[in-house]
Amino acid sequence: MENSVFLPFELIIEILLRLPVKPLLRFRCVCKSWLSLISSNNFATSHFEHAATHRRLLIKRSALQPLSIDLDFIRSQRCVEVRGCCRGFLCFYNGTHIYLLNPSTGLIKQIPDSPTILNHRYELLSGFAYYQPTDDYLIVSGFSEDDDAPVTSPIKLMIFSLRANKWKPIEVASHLPYRETSVAECTPKCGLFLNGSIHWMVHNYETSKNVIIAFDLKEMTISKIALPDDFIFSYSHNYSIYYELLEVRGLISAWVKDLNTVKIWVMQKYGVHSSWTKIIQFSLDPVLHKDLYIACLTKCGDIVGINDVDGLVKLNDKGQLLESLLFDGYALVVYTESLFSFPGTGQT
């Protein structure tokens, strides 16, 4: 008879915390104690904290074929506009309704239509965040009430509470002299959730300068964060210029692809302008790589993004191509796996 091996339950927990979500969902069937453990909110929180350094890419190759997940709902959608990502959940709009989806567990929920959609207002900004004090997921929509002049009309905000299951206006935002930076885009600019606020890079049409605006979820206020002093670029009809915000190692980051040059800055101390530090700058081949849109930086400092030649690419900090995956018609989302469920359900 073979000798059995006994593992303390505390050690089993430490092992399970380091596993991906899909096997954990299967392991709930091992025994009642594992079911109770893996289904608990405390385990989901600890697992998410361990997984935070292991982000995944959700790639939608075409209308009918996502690459990295096998979910019938996503596969059936011909139009998927991602409005934000938080705690393993994606917020997206399919052209008709807004949904929240955990791609790791398949949990999905349709959100009531917002007044922005119902009244056909020009939506400029979108955001998705988690508010810990009330254990609530919040969706923010920034829009212009003037469909005839969406660029120069001030942005107003609406916020949706998943717990309250309703939308409400945010009065403090009614005077903002901002617009989205990329007016040619047909989808609203997606905000970056960090440090309890949703951040967007927008254009102040009163000063003719780009700036970061931060919507504080606790105070329900808007503040401004100035971009680095050398965050400048030259408009050209021959080159595409891209710029956006990133999260890099828990810090807010800004990047720009201007002509053939890529630059990335990180704000080492949140809200302190002098702490902006340029961490990457390199030149791209103007023939082979006219376009580059950055999705994230890896733990090793490599750049993951998409371009017009190779599709999905990984570059080192010198701009040299390390890996590529060619495909047509793409959408790229970076998220962290989680076992989280919607508030109030108690279990995953």
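Residues numbered from 1 in each chain as written. Predicted model: local features only at pLDDT ≥ 70, side-chain atom pairs only at ≥ 80, totals over all residues. Heavy atoms only, no water.

Novice: When you look at the sheet that holds strand E21 (residues 292-297) in this model, what are you seeing that I'm missing?
Specialist: The strands making up a sheet are joined through hydrogen bonds of the backbone, oriented either antiparallel or parallel. As summarised here, the arrangement of the 4 strands in space is E21-E22-E23-E24, forming an open sheet in which the pairing is antiparallel. Sheet topology places E21 and strand E24 (321-325) at the edges, where each strand pairs with a single neighbour. Strand-to-strand twist of the sheet, defined as the mean angle between neighbouring strand axes without regard to direction, takes the value 25 degrees. Examined bridge by bridge, E21 and strand E22 (residues 303-307) share 5 bridges and lie antiparallel to one another. Residue pairing across strands places Leu 292 opposite Asn 307, the latter belonging to E22. (Pairing = 2+ DSSP bridges. Helix = DSSP H or I, 4+ residues; strand = E, 2+ residues; numbered from the N terminus. Axes fitted to C-alpha atoms, helices over the stretch in contact; angles between N-to-C directions.)

Novice: Just checking my understanding: could you explain the packing of aromatic side chains for this structure?
Specialist: Each pair of aromatic rings is reported with the distance of its centres and the angle of its planes. Enumeration according to the criterion identifies 11 aromatic pairs in this entry. Between Phe 48 and Phe 340, the aromatic rings sit 5.4 Å apart at their centres with planes inclined by 55 degrees, giving tilted as the arrangement. Taken together, the positions of Phe 48 in helix H4 (residues 41-51) and Phe 340 in the segment after strand E25 (332-336) put the pair 292 residues apart, joining distant regions of the chain. Of the two residues, Phe 48 and Phe 340, neither departs from the other in class, the shared state being buried. Measuring from centroid to centroid gives 5.2 Å for Trp 255 and Tyr 293, while their planes differ by 85 degrees, and the two rings are edge-to-face. Separated by 38 residues along the polypeptide, Trp 255 in strand E18 (residues 251-258) and Tyr 293 in strand E21 bring together distant segments of the chain. (Phe/Tyr/Trp six-rings, centres within 6.5 Å; stacked < 30°, edge-to-face > 60°. Buried < 20%, exposed > 50% of the residue type's maximum accessible area, 1.4 Å probe, protein only.)

Novice: What is the right way to read the pattern of salt bridges from this model?
Specialist: Once the charged atoms of two side chains with opposite charge are near each other, the side chains can pair. Tallied over the full model, the rule gives 6 salt bridges. One salt bridge connects Glu 14 with Arg 18, and the closest N-O pair in it is separated by 3.0 Å. A residue is classified by how much of its surface remains accessible, and Arg 18, at 54% relative accessible area, is exposed. Lys 189 is the partner of Glu 244 in a salt bridge, and the nearest nitrogen-oxygen pair spans 2.9 Å. (Salt bridge = Lys/Arg side-chain N within 4 Å of Asp/Glu carboxyl O.)

Novice: Please clarify how a nonpolar patch on the surface should be interpreted in this entry.
Specialist: A grouping of Leu 7, Leu 11 and Ile 15 is seen on the molecular surface, where their side chains present a nonpolar patch of about 230 Å² in accessible area. Here Leu 11 lies in helix H1 (residues 9-16). Given the relative accessible area of 39%, Leu 11 is considered partly exposed. (Patch = residues over 30% accessible without salt bridge, like charges linked within 9 Å, V, L, I, M, F, W, Y side chains within 5 Å. Areas by Shrake-Rupley, 256 points an atom, 1.4 Å probe, with all protein chains shown as cover.)

Novice: Please explain the nonpolar core as it appears in this structure.
Specialist: Grouped burial of nonpolar side chains is what soluble globular proteins tend to show. Counting 31 residues, the largest nonpolar core has Leu 16, Phe 43, Leu 100, Ile 111, Phe 128, Ile 139 and Leu 339 as its most contacted members. Residues in contact with Leu 16, not counting those within four places in the same chain, are Leu 24, Phe 27, Trp 34, Leu 37, Ile 38, Phe 43 and His 47. (Core = buried A, V, L, I, M, F, W, Y, C linked by side-chain atoms within 4.5 Å. Contact = heavy atoms within 4.5 Å.)

Novice: Please clarify how the environment of Gln 268 should be interpreted in this entry.
Specialist: Structurally, the position occupied by Gln 268 is in the loop between strand E19 (261-267) and strand E20 (276-283). Considered as a pair, Gln 268 and Ile 252 are 16 residues apart in the sequence and their alpha carbons are 8.0 Å apart. Beyond its immediate stretch of four places on either side in the chain, Gln 268 contacts Leu 251, Ser 275 and Thr 277.

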